[in-house]
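Secondary and tertiary structure notes
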Amino acid sequence: MSGPIVNSVLTGNSTGVNFSLAVVNHMDAETGLLPLSDCSGTRRAGDWSLNITSGVNASKVTVSVTRNLQLCLLNTTDCCTEPLCIIETLQVSACRDSKMLAYLLIQAEIYANSSFMGNVSENASVIPNQAFQPLGSCPCDLTAGACDIRCCCDEECSSNLKQLFNGSCFTGVFGGNVNPPFDQLCSVQAVHNVPDWFPFLCVQSSLDSTPFLGYFYHGSVSPSQVFSFKNPLQTVPEKLSNGYRQGDPIMTKENDYFTIPQQSMAGQCVENSPVAFLQNFDATCLTDLALYQEQSSFTMMINNGAGDMIQPNVVFENVPDVHSFITQIGDAQPTGSCKKETFAEYYTFTWKDRTVQEVNVTVLTGELCDGELLSRRFTVNFVSENSSAATELSGNPGYQVGKPVRAINMSSLDPATLNLWQPVGSSLCTSTFTPVLFGINSLSGCILEVDMNEDCNWLRENITERLNSLVPATHVGKRGNSNYSVPNDWVKIIRLDPFNPKTNASVGNLEGLCQDIPANLNIRIITADVGAIEGIPQQEILGIQISFSTVTWQFQCGIICENKPSYFPIAVSVQFIKVPAQPPIPKTRFQINYTEYDCDRNEVCWPQLLYPLTRYYTGEPYSQSLAKGLVLVFFLLLAVILSSPWSKLLIMWDHTSL
């Protein structure tokens, strides 16, 4: 039992049955048996009492505690000194003629009552005027005579105890800040450097006059003293200790933003661009050696989100292919002045909940000479602690926009990737790829060198092989969390092979002319919203088709045809087509033929005669448009009533009534 009273029932004939109550203080250490039952008929034992209510075929047994269960306050007695007030074992025995018929064991574990049980004073409490003094200076002080955890304004908390939760105190009014400065104060606006037009007028008053206490008094309204149309200065970020949220900037030990060069909306690279939590990116920055100043971001210690610092684990490697990162400046040849530079930085953040657990950095270095442009690459990838990089999902369950499309080769059950060409160097076709991202239409390409006497069949096979290498998979995942071991989670890629004529090198034995050369790979992905989780639409892939667009290639000559390589551009395009999850309801014959009330096919739209009063009008809130419409109707009715015909009718009505 955990309360002061417990009830039980003894069934059967209770005539001549004697009930007894006893407190079990010990057990036999050797046998583990309880002491002998008491059939003396005692109804009280220690702080307990027994009450029996006899019935026809049953008896109700009630055991209750008789002591005070109030927690002791200062200078009080007859109370509980500890929160766990009573912990005892009781035995209720039912005997007839000194022979035990049944017994009941009760394990009592009762905590003290913390509610107030003292005497209430007859004097009425004086409540101060809320406009001048707050009623409670520490709202989080909820327990009398004890320290409330995280309540730093509680005077009953010692200094040693406050040190345990000093960094997690309650904030705001509940934490004791019952008189905070409000945004309308002129002094607050000057501190926060808010724009002058919001609000244009401010309140000039002392902190004793505050809306948090009641109402304004003895205040005056004056315009803002400082006028400035400059952009507000960037405030210094606070020390982070409560964890990151998605999109929050990663902080360093010096409480600065952790920055890595990233591409802006204009396509240029911003050197000091903050890294956002749980947002992956892949940036390529073209850098001139004369203007390049290396910045080592991977040497900075990072705040993990809980106040602890993490030192990134850095691994240096030599770049395997220098030509994929270097571009020649014009026809200038690189000189002998070379030095070792950083070509790429790959960051992997391992996260759990709202904190960063580990940071691994792979730095690729190589030799860079004068007369060369460096295409530096920076990637950031956030990986959950519960998953590896190979099993990183693109959504759960539906796809997230901007995540890679999951793919697999069913013949070997190996994970694959749908790729796009990433332009590097002189834009020639290389093996540098970037993945296809869900929901983002893309177009990329490269340039292929072709000779004038190129064999047409070989040219078709070469280009087809290059385009097919972008899609090494046979299936794509329906959802962002598609399982590689579940075949129903994958959609087969429909491939439409290019037309391959049997004719050889050229048409009419003409060199430098080939028909039906595949020049563009078209990837069309059909998606749909198939549901929602917590109001967030879940997108799936319903189908995917790959086709080729062919052209007639002709060698381009100048004044004279020289046997120099010609450039043939090939490209790949990705298009996401969103369709409704269910087909729309077909129109009836009446809706097809009768167009008078169809606003899409008729210049006169009668349903939109009162368009500002309908829900389709979004120029202003519906309540304002409705109020304005009712005012307009009122004036129209008033004008009609006061017009000449109505006035004559009223005069005639008055004459007839007389």
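Okay, so let's go over this structure. (Residues numbered from 1 in each chain as written. Predicted model: local features only at pLDDT ≥ 70, side-chain atom pairs only at ≥ 80, totals over all residues. Heavy atoms only, no water.)

1. What about the state of the cysteines?
Scanning all chains against the criterion turns up seven disulfides. Each disulfide pairs two cysteine sulfurs, and for Cys138 the partner residue is Cys153, the sulfurs being separated by 1.9 Å. Handedness of the Cys138-Cys153 disulfide follows from its S-S torsion of about 80°: it is right-handed. Remark: Cys153 occurs in the loop between β7 (99–111) and α1 (159–162) and Cys138 occurs in the loop between β7 and α1; sequence separation between them is 15 residues. According to the relative accessible area criterion, Cys153 is partly exposed, its value standing at 26%. One disulfide bridge connects Cys152 with Cys169, the sulfur atoms lying 1.6 Å from each other. Across the S-S bond of Cys152 and Cys169 the torsion is about -55°, and the bridge reads as left-handed. In this pair, Cys152 sits in the loop between β7 and α1 while Cys169 sits in the loop between α1 and α2 (186–192), placing the two residues 17 residues apart along the sequence. (Disulfide = S-S within 2.5 Å. Helix = DSSP H or I, 4+ residues; strand = E, 2+ residues; numbered from the N terminus. Buried < 20%, exposed > 50% of the residue type's maximum accessible area, 1.4 Å probe, protein only.)

2. A few points about the pattern of salt bridges
The final tally for this structure, using the stated rule, is six salt bridges. Note that Asp248 is salt-bridged to Arg245, the shortest N-O span being 3.8 Å. Judged by its relative accessible area of 55%, Arg245 falls in the exposed class. A salt bridge links Asp529 to Lys578; the shortest N-O distance between them is 2.9 Å. Here Asp529, found in strand β27 (residues 513–533), pairs with Lys578, found in strand β29 (residues 566–578); they are 49 residues apart in sequence, far enough to count as distant. (Salt bridge = Lys/Arg side-chain N within 4 Å of Asp/Glu carboxyl O.)

3. Quick look at helix α3 (residues 456–468)
When the terminal C-alpha atoms of α3 are compared, their 18 Å separation across 13 residues agrees well with the 18 Å that a helix rising 1.5 Å per residue should span. Within α3, the full set of buried residues consists of Cys456, Leu459, Arg460, Asn462, Ile463, Thr464 and Leu467. On its buried side, α3 packs onto β22 (419–421), β24 (442–450), β27, β28 (536–554) and β29. Looking at where α3 begins, the residue whose side-chain oxygen comes 3.3 Å from the main-chain nitrogen of Asn457 is Asp455. (Expected span 1.5 Å × (residues − 1). Contact = heavy atoms within 4.5 Å. Polar contact = N/O pair within 3.5 Å; in protein donor to acceptor, adjacent residues only side chain to side chain.)

4. Observations concerning the sheet that holds strand β4 (residues 48–54)
The strand order β1-β5-β4-β3 describes an open sheet built from four strands, whose pairing is antiparallel. Every other strand in the sheet has two partners, leaving β1 (5–11) and β3 (44–45) as the edge strands with one partner each. In this structure, β1 lies alongside strand β5 (residues 58–65), joined through seven bridges in antiparallel fashion. Note on β5: the bridge partner recorded for Ile5 is Ser64. (Pairing = 2+ DSSP bridges.)

5. Concerning the environment of Thr417
In this structure, Thr417 sits in strand β21 (residues 414–417). In the structure, Thr417 is positioned 13 residues away from Pro404 in sequence and 8.0 Å away in space, judged by C-alpha atoms. Excluding residues that lie within four positions of it along the chain, Thr417 makes contacts with Ala407, Pro435, Leu470 and Pro472.

6. As for the sheet that holds strand β6 (residues 84–96)
Either a parallel or an antiparallel arrangement is found when strands of a sheet pair, and the pairing is made through backbone hydrogen bonds. Here three strands make up an open sheet; going across it, the order is β2-β6-β7 and the pairing antiparallel. Each end of this open sheet is capped by a strand with a single partner; those strands are β2 (18–24) and β7. Going across the sheet, the axis of each strand differs from the next one's by a mean of 20°, ignoring polarity. (Axes fitted to C-alpha atoms, helices over the stretch in contact; angles between N-to-C directions.)

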